[in-house]
Amino acid sequence: MNAEVTAIDSLSRRPLLLLLASGLAWLLLGGLLALIAAAQLIQPAFLADCSFLTYGRTTALAETAFVYGWLANAGLALGLWILARLGGEALRAQNWIVVGTLFWNAGITIALIGLATGDVTGFSLLNLPGYVQPLLLVAYGAIAVSGILAWGGRRRSMMYASQWYAVAALILFPWFLSVAGVMLFWSPARGVVQAVVAGWYSQCVWTLWLAPAALAVAYYVVPKVTGRTLRSYSFAALGFWTLLFMGPWTGGRHLIGGPVPAWIPTIAVVTGALLFFHYIIVALNLRDTFAAPGVSLRFIAFGLAAYLLGGVTDALTSFHGLSMVTRFTYVENAEQQLALYGAISMIFFGGLYYAVPRITGRAWAFGGLITGHLGFSALGVVGLVLALAVAGLVQGGGLLSTEVSFAEIGELTQPWLVAVLFAQIILLFGNILLSVNFLATLALSQKAEVAQFRAPVAMEVSAS
Amino acid sequence: MKHGFYFLLGLVGALGLSWAGIVMGSNTQLASLPPYADDTDTSPPWFPGEAARGEYVYKDLGCSACHTQQVRRPDFGSDVARGWGDRQSVARDYIYQPFPQLGNNRVGPDLTNLAGRRPNPPDEEDLMKLLYEGHGGMPAYKFLFEQRKIIGQVSDHAIKPSGAAPIPAGYELVPSRRAQMLVAYLRNLNTTSDYPESRPIPAAGAESAGSATKAKPAPAKAASGAAPAPAKKATP
């Protein structure tokens, strides 16, 4: 890996850029929908006459556009790129990626239209109408073929940590989506078994798909930029298998106190605590990130910090006493945003800033926009998560007392929900900067000099 | 890690174990949970047709984004104290619901026992007005209603909103089919049945009063269901 840009990158350019561009389009749409949802929480009359955008539908739309639009497309692009680079060959079956991406995006479009016109599922992280899931599975499979070929045909038989994570993310998603599809949509399970399956699915999305995809990026980019091998690398495999074997069992933490057998939330609490091993190992392996320079690593460092913090808060809010307050409040939204935006999305941003110059052979068009995006994203995520968490604690405290009415809870949470709205505006603004920069880099930017690639840190911020 | 085969086997194992444990485990335990039968009746009751269709409206409007339908036990949160139910919800309450709408956030109140609110459960007119006018943090769902010219007789279903936007003379406000189904559903949300597993677990030594007030006997066959063990009569 001497040269910074090789034929592997340039020959794989088109499908990867298609994936990234579609991801960014969904990111902007998702941000806009999240903004509408935030406004509706403050002013319920906002767009209330539009039946396509009831609050329940807007939140479902925003979540699906963000997770299955942005995170899926970006994660696939970065995962495939990493597998190609570590495999030592340009991506094969590129037409499959292109066709798969087009159909995946068509599937997401159909899903959003379905949600807006009355097919909300009510399952967190699974707001995909049943009829669109087969299409998504096939499209995802078509894209993944290329990654599997890159992994199977790798030049060295040994595998790097980022390959484990990327392959796991690539392979496992279709399995648990099809299980959930059968048990929730095609032949729905009876009664609350649906809630158990939905909880298991949402935790699979998190621990078997999005988190591995993000860790693949981090485990690849961090040593590349710092120029040092990963610390305590021999533990990495333990961290990987802990996440995979323990993660899906934590699904029941969304059902604490709920109408399900007590063993389901109990197992979730125990496995949630065991996952600490995973978080500790990730922190050990990647601890150089926090001291290293460069914008890519600033994004990734932020994402890792959010990832670790998220692991701790997930475990803490599973405890009986705290769960009693935080369950059914905005605290759960705060945890979800910390995970999806703070951890996964920020690490993907870091990967994207590292990958795009290498894929295109061009330096980023505007270095200032990158710094701006970093600032707005960090500020937006911190603001969003804090505001939601405080709103949730206020709400939870109010709910615990029988004296406080819902109108009073609404008044008490109002200022914090206004802060949520501002945070969403900041995030959307930051993402517009990213999109402008991305398009400008494709259209305007000059071919980068070799020297710029040799000094990757300089390249990431250079406005050539 | 060199061996692709063992690696893949590990991935299969990770997903497969959790699937077998959580998904199939809970499915085995709960999928054949029978209704509870005593001398006179079986429960839970089915929703009447109109209300059963209303569950689809409730789901597709995304009501569960703000309303839960699960009551937690008395010592876990203030659900019972707020008058949302006399007991915690149990798995058996949901066996006839095609899409249990458990919900994740309580921006608004829990609706498990909306039709059993004390002292006065909301009647059809209250709910129609609530849907048309909204209330506090709840938006108005005006698109569920149609304002139309009165031709001949005034419709039986017409509602008279009390809010700031009165209906012009010669017009009437009629709830759509969907509004009627939704309200029928809301008016049937009530878990009155008492199951062995829904009785509070008595504290050690203080068993008497709590469980003695519950009327129904607890046949052994029904006790094999979910969650907490039924209260058993202590031998003196």
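Residues numbered from 1 in each chain as written. Chains lettered and ligands numbered in written order. Predicted model: local features only at pLDDT ≥ 70, side-chain atom pairs only at ≥ 80, totals over all residues. Heavy atoms only, no water.

## Considering the packing of helix H14 (residues 367-400) of chain A against helix H15 (residues 406-443) of chain A
All names here are of chain A. Definition in use: Each axis is a line fitted through C-alpha atoms, taken for helices only over the stretch in contact, and angles between the N-to-C directions span 0 to 180 degrees. The numbering of helices and of strands both runs from the N terminus, where a helix is a DSSP run of H or I of at least 4 residues and a strand a run of E of at least 2. Every angle not falling under 35 degrees, over 145, or within 65 to 115 is termed oblique; those three ranges are roughly parallel, roughly antiparallel and roughly perpendicular. What makes a crossing left-handed is the near helix being turned counterclockwise from the far one by less than a right angle; a clockwise turn instead makes it right-handed. The classification used treats Ala, Val, Leu, Ile, Met, Phe, Trp, Tyr, Cys and Pro as nonpolar, Asp, Glu, Lys and Arg as charged, and all other residues, Gly among them, as polar.
Put simply, H14 and H15 touch, their axes get as near as 8 Å, and they point 165° apart. Judged by the inter-axis angle, H14 sits roughly antiparallel to H15. The handedness of the crossing between H14 and H15 comes out as left-handed. Its residues assigned to classes, the contact of H14 with H15 comprises 26 nonpolar, 12 polar and no charged.

## Focus on the interface of chain A and chain B
Which entries qualify depends on this criterion: Any two residues whose heavy atoms approach within 4.5 Å at even a single point are treated as in contact. Accessible-area loss on putting two parts together, using a 1.4 Å probe and summing over both, is the definition of buried area adopted here. We define a salt bridge as a side-chain nitrogen of Lys or Arg found within 4 Å of a carboxyl oxygen belonging to Asp or Glu. Side-chain atoms alone can form a polar contact between residues adjacent in sequence; in general such a contact is a pair of N or O atoms within 3.5 Å, and within protein one must be able to donate a hydrogen while the other accepts it.
Tallying the contact residues gives 75 residues for chain A and 71 residues for chain B. Buried surface at the junction of chain A and chain B, both sides included, amounts to about 5900 Å², of which 68% is carbon and sulfur. When the area that chain A buries against chain B is broken down by residue, the three leading residues are A:Arg190, A:Phe328 and A:Phe406, summing to 13%. On the surface where chain A and chain B come into contact, there are one salt bridge. The closest approach of N and O atoms between A:Arg57 and B:Asp60, which form a salt bridge, is 2.7 Å. At the junction of chain A with chain B, the criterion picks out 18 residue pairs in polar contact (both at pLDDT 80 or more).

## Remarks on the packing of aromatic side chains
For any pair of aromatic rings, the description consists of the separation of the ring centres together with the inter-plane angle of the planes. Selection criterion: Pairing of aromatic rings covers Phe, Tyr and Trp, the last through its six-membered ring, and needs centres within 6.5 Å; plane angles under 30 degrees mean stacked, over 60 mean edge-to-face, and all others mean tilted. Note on exposure labels: buried denotes an accessible area under 20% of the residue type's maximum, exposed denotes more than 50%, and partly exposed covers the range between, all computed with a 1.4 Å probe on protein chains only. A ring is considered to have a charge above it if a Lys NZ or an Arg CZ atom is located within 6 Å of its centre and within 35 degrees of its normal.
Summed over all chains, the structure comprises 39 aromatic pairs over all chains. Note on A:Phe173 and A:Trp209: the rings are 4.0 Å apart at their centroids and 20° apart in plane angle, and the pair reads as stacked. Within this pair, whereas A:Phe173 is found in helix H6 (residues 161-186), its partner A:Trp209 is found in helix H7 (residues 193-226), the two being separated by 36 residues in sequence. Both residues of the pair, A:Phe173 and A:Trp209, count as buried. A ring pair is formed by A:Phe299 and A:Tyr353, whose centres lie 5.2 Å apart and whose planes are at 25°; its orientation type is stacked. Here the residue A:Phe299 occupies a position in helix H11 (residues 295-316), and A:Tyr353 occupies one in helix H13 (residues 330-360), the gap between them amounting to 54 residues. An aromatic cluster is built from A:Trp151, A:Trp164, A:Tyr165, A:Tyr219, A:Tyr233, A:Phe240, A:Trp241, A:Phe245 and B:Phe7, whose rings are joined through pairwise contacts. Between A:Arg358 and the ring centre of A:Tyr354, over which it is positioned, the NZ or CZ distance is 3.9 Å. Taking NZ or CZ as reference, B:Lys142 lies 5.3 Å from the ring centre of B:Tyr132, over its face.

## Thoughts on H15(A)
Put simply, the rule reads: Any helix carries an expected span of 1.5 Å times its number of residues minus one. Bend is computed residue by residue as the angle between axes fitted to the seven residues ending at the residue and the seven residues starting at it.
Here H15(A) is 38 residues long and its end C-alpha atoms lie 52 Å apart, about the 56 Å a rise of 1.5 Å per residue gives. At A:Gln414, H15(A) shows its maximal bend, which comes to roughly 45°, and the proline A:Pro415 appears one to four places after that position.

## Some remarks on the nonpolar core
The following threshold applies: Residues belong to a common nonpolar core when they are buried Ala, Val, Leu, Ile, Met, Phe, Trp, Tyr or Cys residues joined through side-chain atoms within 4.5 Å.
Counting residues in hydrophobic clusters, the biggest one holds 174 residues, and the most contacted among them are A:Tyr68, A:Trp70, A:Trp104, A:Phe176, A:Tyr201, A:Trp209 and A:Phe348. Beyond its immediate chain neighbours, meaning those up to four positions away, A:Tyr201 contacts A:Tyr68, A:Leu125, A:Leu126, A:Phe173, A:Phe176, A:Leu177 and A:Ala180. Judged by nonpolar contacts, the second largest core, of 24 residues, contains B:Leu111, B:Leu127, B:Leu144 and B:Leu189.

## Quick word on the confidence of the model for chain B
Residue and element names in this part refer to chain B. Threshold: You can read pLDDT as the predictor saying how much it trusts each residue, on a scale of 0 to 100.
Put simply, chain B has an average pLDDT of 82, and 83% of its residues get 70 or more. Across chain B, the element-wise mean pLDDT spans from 42 in helix H5 (residues 208-212) up to 95 in helix H4 (residues 177-186). Counted against residues more than four places away or in other chains, residues 206-236, with its pLDDT under 50, gives 42 contacts. We note a pTM of 0.91 for the whole complex and an ipTM of 0.90 for its interfaces.

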